[in-house]
Every structure is written in structure tokens, then in C-alpha cells.
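So the chains spell out like this:
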Amino acid sequence: MTKKSTRYYRDLIVELVKKEIKVRYKNNILGYAWSILNPLAQAMVFFVAFQFILKVKIENYVLFLILGLFPWQWFLNSVISSSVSMIANANLIKKTVFPREYIVYAGVLNDMVHFVLSLPVLVLFLLVYHQPIYFPHIFLFPVLVLIQLFVILGISLLVASINVFFRDLERLVAILLNMLFYATPIVYALGMIPERLKFIIYLNPLALLIINYRDIFLYGDVHWEYFLLSCAYAVGIFLLGYITFNRLKSRFAEVL
Amino acid sequence: MSFTKAHSLPEIVDNQEKSVIFDDVWKYYPLYHQITGGIKHFLINMPAAVKQMKESKFWAVNGLSFEVDKGEVLGIMGPNGAGKSTVMAMIAGVIKPSKGKVTVRGRVAPLLELGAGFHHDLTGRENAVLNGILLGMTKKEIMARLDQVLAFAELGEFIDQPIRTYSTGMMARLGFSVAVHTDPEILLVDEILAVGDESFQRKCFAKMNEFKERGITIILISHDRTTMERFCDRIIEIKDGKLANTYHPQR
């Protein structure tokens, strides 16, 4: 890659992400609040439903929920917006040759920025619950974010490219995401899963990540086997998405 | 001098003066509606659908050959569905030919459809920067000529307003302005100058005349024969994906 093209790709991703962020905040002063309020409201609903009504016994349940819902929200928003991203930019894809995968990258990075911006809220709740910060476990947090980024990028590239050809994939994705939410220990704990169903955790990179997010913040612990497995998933899923996208992208302009 | 050298030499010299060469180009589209119809439809009709997808092709371009000289203004005309847009898409590089060879020399600037790549909540200025990047310029290159771009678009105080407040003509002006300021060597204009008022159209043609004098290749698609004959050096007519007619308009 030449020097000029490296700079071009950097400019491209920076400007695209900037655009996404500007657009989100342009029309309302509450922009930032909205992106936080959504998972918080959800946390409140689950808190009432599961702790008050179903009497689930989990300590620090609000914190527990937030640590599951914030990462989930990032995953959910990215995959949903990616699935329609090529169709939404059809005009551009049909006329210009700029690298299409950057639309997906920009969308996912935009959601990552919002995930990172939601961290002060997490810190606030850690303080409210007098939760100590565990060292050195906390240093694993950025690594988990990076692993999650590649898992999300891979799935996003996959659904973005396939949805060009199978337009109803986005509906299927919506249903699968709904099921995946309950197949992931977000509202319940790892220990509550019946022994014979525990294997599901190993099939679900998001579950592996969320368990480790909680481990490092709530319990000062790390499930290393989950950590390593999620790394493997990140590499595998990203490659699968990247290769699929690149094999299909030359035909996007014909189909859109 | 060996025979092969003598034979190949004029061809190379000749080719250097061409911006675009279509050499027996064929393009078919598989009938994608089989799959864009949906996953359920595809799965239920799987064997038939796969077979049909392999067999049923729509030939949009059938053995098309033509060349465009550097600095030439070429008009492409033809009825709807004749393959004009496919030809443009192949020049722009977004679609690859199924058979044959398309050679394009130089930086291509496609004029985007009205508002393509624009975001309605961003201002004219922000959209100009974004559009420039999507058309292949670096941020630095854009910032260096942003004043020119905005001046040419003549948006006045609207420059810093979100473009959802713009009229169609204003959006066309901004889009045209960004595209012509990317320093293209080949400009593709696909039937979009119909928007915009008379004075802007005149300005566009003045700009294109300036391009013409600077030796920039321009390829136009339009159904408006009067305009095309006034402006183009040569017009090719395409019908059913084949070259139907070529002529030099009398001026």
C-alpha cells in the first residue's frame, strides 16, 4: 500500500465515523442521553421483572445487568444497522468504487464509540454500589473490547453482504438476535444454566465475552478458557465475514 | 526491426490517446430476482432456483466495441434498457464485464445521482467534504479546494444549513461542483443535468466546455438529442446492448 493510499483510507474511515456521530447528535440535544437511556431503561425493566417479581437472587443485580446490556447493545445496534447498510447506500455503491466495507466498519466503530461513551455510567454505578476496582483484571477490559470489535465486524460484514442477495435476511437476523439475547447470560447468571445446556455458552462468543466483562468488574476473576475461546471466535468470525464480503462485493452494484 | 515490434508499435501509440476502450464487451446479469425474492422462496425452490440462476441470464451488453479518444466528448443515446447505464457502470469500474475487455485510463469522476452520498442532516459544507472523500480525494486535497467547490455551487448562506432544507437544484449544484473539482480525467454524466435552473445548466455546460478545452474526456448519457448534438463530438447509439449507430453531429 502506498503512502498516499494509507492516508486516504484513514481519512475515509475518520470522516465516515465522524459523519455517523454527527448525524446521531445533530437533531437533538439529548443525543448522548438517548444512547445511554435505552440500555438503562432496559436494565430497569429487567431489574423490576426479575428481582422484584421473579425473585432472582443475584447480588448487585443492576450492575450485573448493565455489564451485560451495554456490550449487548453495541452488538445489537451494529448487526442490525449493518444488515441494511448496503441497500441504504445503494446509490453510492452503484456509481463509485470506494471500498464498500468501510460503510460497515464506520457503522460498527460508531457503535463502539457509543459503547465507550457509556462507560462513565458504568463507573457511576460501580461507585454507587461501592464496588472495588480489581487490579490487574481491569487491564483486560480493553482487550475484551477489541475481541468484541472483531466478533461484531465479522458478523456485520457477513450479514451486510448476504443481505444484498437475500433481502429478507434482515428479518431473519431480527428474529435470531431476539433468540440470542435469551441464549446469552445477560439477565441471568452462568450458574443458573442447567448443566446439560451449558454447552451453549461455548457456541456463543458473546456469552463468553459478557461472562468475562462481569468477572473482571464484579468478581475480580477471569475465565481464561472463555477468554481464549473468544479470541479464537474473533479471528474465525472476522475472517469468515471479511472473505465472504470480499467475494460478493464485486456483484453488489449489479444487484442493488 | 522484427515483425512483432513493427506490428505492435502503432497500436501502443494509438492506445495512449484513448481514454476508454471497449473491446468486444459482453455483460450478462443472472436473474437475481430468484434470490432477492427471499430466502424462503429460494430454499423451497432450491434445485430449480439454482438451475434457473445458472441458466437464465439477461444479456445487457452484447459484444460492444468502441473507443473514446482522450479529450473527446462522447454522447451515448438509446432507448430505456438498451444498456447505457451498464456501459457507464463498467467505465466507472463498479461492474465487471462477463466477457471482453474494458480499458480505462485516468481518474474517473462519476456524477452521482441527485443527493447520493449526501446526508440530509449534515450541512452543505460537511456533505461536500464527505462526498469528496467518497469520490477518492484525501481530506487535505478537499480542504485545499473547498472554497472553490462552495463558490461554484453558489449556495450563499445555505452552505451551513442542513441540506434537507435545500431545493433539488441546490443539491444538484453541490453534487456537480464536488465532482468537477476532483480533477477528473474522465467525467461521467448520467442524465442529471436536467435538474437545476437554466442559469445553472448554462454554468455546467460552461464548466464542461472548460474541461473540454483542457483535454478532459467527457461521456454523457441523455435522451435530449438537441443538447447532445450541440455539445458532443460524437454520438453512439446503443440498442439491445449493441452498437446501432455512430455519427458526428453537424455543428
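All residue numbers refer to positions counted from 1 along the written sequence of the respective chain. Key to labels: chains lettered from A, ligands numbered from 1, both in the order written. The predicted origin of the model limits local features to residues at a pLDDT of at least 70 and limits the giving and counting of side-chain atom pairs to 80 or more, whereas totals for whole chains, interfaces and linings rest on all residues.

**Observations concerning the interface of chain B and chain A**
In many reports, interface size means the accessible area that the parts give up when they come together.
Point 1. Residues are defined as contacting one another if the C-beta atoms placed from their backbone atoms lie within 7 Å. Of the residues lining the interface, 29 residues belong to chain B; the matching set on chain A comes to 27 residues.
Point 2. When contributions to the side of chain B that touches chain A are tallied by element, the ones reaching two or more residues are helix 2 (33-36), helix 3 (39-44), helix 5 (84-92) and helix 6 (124-134) of chain B.
Point 3. Here the element with the most residues in the side of chain B that touches chain A is helix 6 of chain B; it accounts for four residues.
Point 4. Asp, Glu, Lys and Arg are counted as charged, while Ala, Val, Leu, Ile, Met, Phe, Trp, Tyr, Cys and Pro are counted as nonpolar; the rest, among them Gly, fall into the polar class. Classifying every residue of the side of chain B that touches chain A by side-chain character gives 18 nonpolar, seven polar and four charged. Numbered from the N terminus, helices here are DSSP runs of H or I no shorter than four residues, and strands are runs of E no shorter than two.

**Some thoughts on the confidence of the model for chain B**
Residues and elements named next belong to chain B.
Point 1. Every residue is assigned a pLDDT by the predictor, reflecting its confidence on a scale from 0 to 100. Within chain B, residue pLDDT values average 83, and 84% of them lie at 70 or more.
Point 2. Ranking the elements of chain B by mean pLDDT puts helix 1 (residues 3-16) last with 45 and strand 8 (residues 234-239) first with 94.
Point 3. In this model residues 1-13 is a low-confidence stretch, pLDDT under 50, and it forms one contact with partners more than four residues away in sequence or in other chains.
Point 4. Note on the complex model: pTM 0.88, ipTM 0.83.

**Here we look at the sheet that holds strand 4 (residues 99-104) of chain B**
Residues and elements named next belong to chain B.
Point 1. By definition, two strands form a pair when at least two bridges between them are found by DSSP. The three strands are arranged 2-1-4 in an open sheet whose pairing can be described as antiparallel. Strand pairing shows two members of the sheet lacking a second neighbour, strand 2 (57-69) and strand 4, which therefore form its edges. Each neighbouring strand pair of the sheet contributes to a mean axis angle of 20 degrees, computed without reference to strand direction.
Point 2. Inspection of the sheet shows strand 1 (residues 18-30) paired to strand 2 by nine bridges, in the antiparallel sense. Bridge pairing in strand 2 places Phe22 opposite Phe66.
Point 3. Axes, fitted as lines to C-alpha atoms, cover a helix only where it is in contact. Angles between the N-to-C directions of the axes lie from 0 to 180 degrees. Contacts from helix 5 reach strand 1, strand 2 and strand 4 within the one sheet, and its direction differs from that of strand 1 by about 120 degrees.

**Topic: unusual backbone geometry**
Point 1. In this chain, Phe135(A) is followed by Pro136(A) through a cis amide linkage whose omega measures 0 degrees.
Point 2. Unlike most non-glycine residues, Asn60(A) shows phi in positive territory, near 50 degrees.
Point 3. When you line up the elements, Asn60(A) lands in the loop between helix 2 (31-53) and helix 3 (61-83).
Point 4. In this scheme every C-beta is placed from the backbone, and a residue whose C-beta has 20 or more other C-beta atoms within 10 Å is buried, one with 12 or fewer is exposed, and one in between is partly exposed. The exposure class assigned to Asn60(A) is partly exposed, which follows from the 18 C-beta atoms found within 10 Å.
Point 5. For Glu154(B), which is not a glycine, the phi torsion comes out positive at approximately 50 degrees.

**Thoughts on the packing of helix 3 of chain A against helix 8 (residues 141-165) of chain A**
All names here are of chain A.
Point 1. For the pair helix 3 and helix 8, the least separation of the axes is 8 Å and the interaxial angle reads 25 degrees. On the basis of the axis angle, helix 3 is roughly parallel to helix 8. At the point where helix 3 passes helix 8, the crossing takes the right-handed sense. Between helix 3 and helix 8, the contacting residues are Pro71, Trp74, Phe75, Ser78, Val79, Ser82 and Ser83 on the first element and Gln148, Ile152, Ile155, Ser156, Val159, Ala160 and Asn163 on the second.
Point 2. For the contact of helix 3 with helix 8, the per-class residue count stands at eight nonpolar, six polar and no charged. An angle counts as roughly parallel when it lies under 35 degrees, as roughly antiparallel when it exceeds 145, as roughly perpendicular when it falls between 65 and 115, and as oblique in every other case. By convention, the crossing between two helices is left-handed when the near helix turns anticlockwise from the far helix through less than a right angle, and right-handed when the turn is clockwise.

**Overview of the nonpolar core**
Point 1. With 128 residues, the main nonpolar core has Val151(A), Val159(A), Ile76(B), Ile91(B), Leu188(B), Ile218(B) and Ile219(B) as its most contacted residues.
Point 2. The element that contributes the greatest number of residues to this core is helix 8 of chain A, accounting for 13 residues.
Point 3. Ignoring anything within four residues of it in the chain, the contact list for Val159(A) reads Val79(A), Ser82(A), Ser83(A), Leu169(A) and Val173(A). We define a nonpolar core as a collection of buried residues of the types Ala, Val, Leu, Ile, Met, Phe, Trp, Tyr and Cys that are connected via C-beta atoms lying within 7 Å of each other.

**Digging into helix 12 (residues 224-248) of chain A**
Point 1. Over its 25 residues, helix 12 of chain A extends 36 Å from the first C-alpha to the last, a length consistent with the 36 Å expected when each residue adds 1.5 Å.
Point 2. Those residues of helix 12 of chain A hidden inside the fold are in contact with helix 6 (101-117), helix 8 and helix 11 (205-219) of chain A. One fewer than the residue count of a helix, multiplied by 1.5 Å, yields its expected span.

**Looking at the confidence of the model for chain A**
Point 1. Summarising the model, chain A shows a mean pLDDT of 91, and 97% of its residues fall at 70 or more.
Point 2. Looking at the elements of chain A, mean pLDDT is at its lowest for helix 2 of chain A, recorded as 85, and at its highest for helix 12 of chain A, recorded as 97.

**Focus on the packing of helix 7 (residues 139-153) of chain B against helix 8 (residues 168-180) of chain B**
Residue and element names in this part refer to chain B.
Point 1. One can describe the packing of helix 7 onto helix 8 by two numbers: an axis separation of 8 Å at closest approach and a directional angle of 145 degrees. The way helix 7 lies across helix 8 gives a crossing that is right-handed. Counting all contacts with helix 7, which are made through Val149, Phe152 and Ala153, the residues of helix 8 involved are Arg173, Leu174, Ser177 and Val178.
Point 2. Taken together, the residues of the contact of helix 7 with helix 8 sort by class into five nonpolar, one polar and one charged.

**Considering the sheet that holds strand 3 (residues 73-77) of chain B**
Residues and elements named next belong to chain B.
Point 1. The sheet built from six strands is open, its strands ordered 5-6-7-3-8-9 with mixed pairing. Two strands lie at the open edges of the sheet, namely strand 5 (108-110) and strand 9 (242-247), each paired on one side alone. Averaged over all pairs of adjacent strands, the angle between their axes in this sheet comes to 20 degrees, without regard to strand direction.
Point 2. Here strand 3 runs beside strand 7 (residues 217-221); their pairing, made up of four bridges, is parallel. When the bridges of strand 7 are listed, Val73 appears paired with Ile218.
Point 3. Its contacts with the sheet place helix 5 against strand 3, strand 5, strand 6 (186-190), strand 7 and strand 8, and it is angled at close to 155 degrees to strand 6.

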